[in-house]
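Each chain, letter by letter, is given below.
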Amino acid sequence: MLKKLNNMILILGGGDVASGVAAVLHRHGWQIVISELPEPLVVRRKVAFAEAVWEGEQEVEGILAVLTISDEEIKNILSAGKIAVVVDPDAQVAKRLGFEVIVDARMLKRFQPIPCQGKTPLIGLGPGFIAGENCLAAVETNRGENLGKILWQGSPEADTGVPAVVEGHGLERVLYSPVEGIMKAHVQIGDFVTKGQILAEVGGAAIVAPFDGLVRGMLRDGLSVGPHVKVGDIDPRTDPDLAIKISDKALITGQSVLQIIESLS
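Computed from a predicted model, the values in this text were never measured in an experiment.

Caption draft 1: Spotlight on the overall build of the protein. Broken down by element type, the protein carries five helices and 17 strands. Each principal axis of the C-alpha distribution contributes one length, and for the protein these read about 50 × 40 × 35 Å. When contacts within the protein are restricted to residue pairs at least 6 apart in sequence, long-range pairs at least 24 apart make up 55% of them. In the structure as shown, the protein presents an accessible area of about 12000 Å², 50% of it carried by carbon and sulfur atoms. Measuring between centres, the 25 positive side-chain charges of the protein sit 3 Å from its 33 negative side-chain charges.

Written out as C-alpha cells, the structure is:
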C-alpha cells in the first residue's frame, strides 16, 4: 500500500470503535493522530489506543500507538509508521498541524463542536451528527442492517442504549457501576468467569457476573466513576480472541470512514 506522506488524519477519541477506525486508516497508509482525555474511561482496553495515555504506548493487532507531548514528537512517531496519541481534549493540535480530515469518534451520542476545526472536513460517527449541517458526512454505528451506512444528508439512528444480543444475552452483557466511587477490578480482561462471581467493586458495592462468560472489557483500577457508568463487558462466547481483536462493528465503521476520505481525494 502506498504510504501517504504528510496526509494526516485526526481522530477524536481512542476507544474501541475509534481505534478500529484508526487501524483501518493506518493500514491504508494514512498517518493517524488520536486526541484523548487526560483520564480516558475505556472499557475494552486491549483494543483501545487510548491506553497509551496510561501506559505510554499501546499495541493493537500489531499497530503501535505512542503517547506524545510535542508536535515534533508527533512527526517523528508518524514517520516511524506508528500512531501518535496526544492528551488534547480540545483538539488544539488541529490548529497547529494540517489534517486532511477530522473524525469525531468520541461516541458522545450528541454533537459537541470542535473549536479548532477550522475548515477541515469533519466526519461524525453515530448519534448527534447531521450530515450537511454539523459535519461533512456521518456514519451509522448502531448494529443492524444499516451499520456502516454513509450519510451525506441526515442523521444516524438514535442511540438505543441496548447492546446487541449475543447467544441470548443483551443488556446484561454490560456491567454498570451501582454507585459513585472508586473502581476496583477483581478479574482481568481475558479471564473466564462464572455466574455470580464478583468481578469488581465500585465504592465497596460488588458487581457480579450475570452469566458464565469471557471478560471482554474492564475499566482500569483506581478511577473515580459516577453511578450507572459502564465499567465492564462480558461475552457468553468462549473465544479468548474476542478480548484482543478489534470488533467487526469497529472495522465496518472504519471501512466506511475510509470510503468517505478516499472519495475526497
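Once the structure has been displayed, the description carries forward.
Caption draft 2: Representation of the sheet that holds strand E13 (residues 198–202) in the model. Spatial ordering of the open sheet is given by E14-E13-E11-E16, a layout of four strands whose pairing is antiparallel. Only two strands of the sheet have a single neighbouring strand rather than two, namely strand E14 (205–208) and strand E16 (224–225). As paired elements, E13 and E14 share four bridges and run antiparallel to each other. Looking across to E14, one finds that Ile-198 is bridged to Val-208.

Caption draft 3: Molecular detail of helix H5 (residues 248–264). The first and last C-alpha atoms of H5 sit 25 Å apart over 17 residues, in line with the 24 Å expected at 1.5 Å per residue. Buried within H5 we find Ala-250, Thr-253, Gly-254, Ser-256, Val-257, Leu-258, Ile-260 and Ile-261. Along its buried surface, H5 packs onto strand E1 (8–12), helix H1 (16–27), strand E6 (99–104), strand E7 (122–125), strand E8 (137–139) and strand E9 (150–151).

Caption draft 4: View of the pattern of salt bridges. In the structure shown here, the tally under the stated rule is 11 salt bridges. Put simply, Arg-173 and Asp-233 hold a salt bridge, and the shortest N to O gap is 3.8 Å. In this pair, Arg-173 sits in the loop between E9 and strand E10 (174–176) while Asp-233 sits in strand E17 (residues 230–235), placing the two residues 60 residues apart along the sequence. The same class applies to Arg-173 as to Asp-233, namely buried. Residues participating in the shared-partner salt-bridge network are Arg-45, Glu-51, Glu-55 and Arg-220.

Caption draft 5: How the structure looks around the sheet that holds E8. Spatially, nine strands are ordered E3-E4-E5-E2-E1-E6-E7-E8-E9 in an open sheet, and the strand pairing comes out mixed. Edge positions in the sheet fall to strand E3 (57–60) and E9, since each has one partner strand and no second. Pairing geometry for strand E4 (residues 63–68) and strand E5 (residues 83–87), over four bridges, is parallel. Bridge pairing in E5 links Ala-65 to Ile-83. Those strands touched by H1 are E1, strand E2 (31–36), E4, E5 and E7, and its axis lies near 170° from that of E1.

Criteria and thresholds
Residues numbered from 1 in each chain as written. Predicted model: local features only at pLDDT ≥ 70, side-chain atom pairs only at ≥ 80, totals over all residues. Heavy atoms only, no water. Helix = DSSP H or I, 4+ residues; strand = E, 2+ residues; numbered from the N terminus. Contact = heavy atoms within 4.5 Å. Areas by Shrake-Rupley, 256 points an atom, 1.4 Å probe, with all protein chains shown as cover. Lys, Arg positive; Asp, Glu negative; His and termini not counted. Charge placed at Lys NZ, Arg CZ, Asp CG, Glu CD. Pairing = 2+ DSSP bridges. Expected span 1.5 Å × (residues − 1). Buried < 20%, exposed > 50% of the residue type's maximum accessible area, 1.4 Å probe, protein only. Salt bridge = Lys/Arg side-chain N within 4 Å of Asp/Glu carboxyl O. Axes fitted to C-alpha atoms, helices over the stretch in contact; angles between N-to-C directions.

On their own, these measurements won't tell you what the molecule is for.
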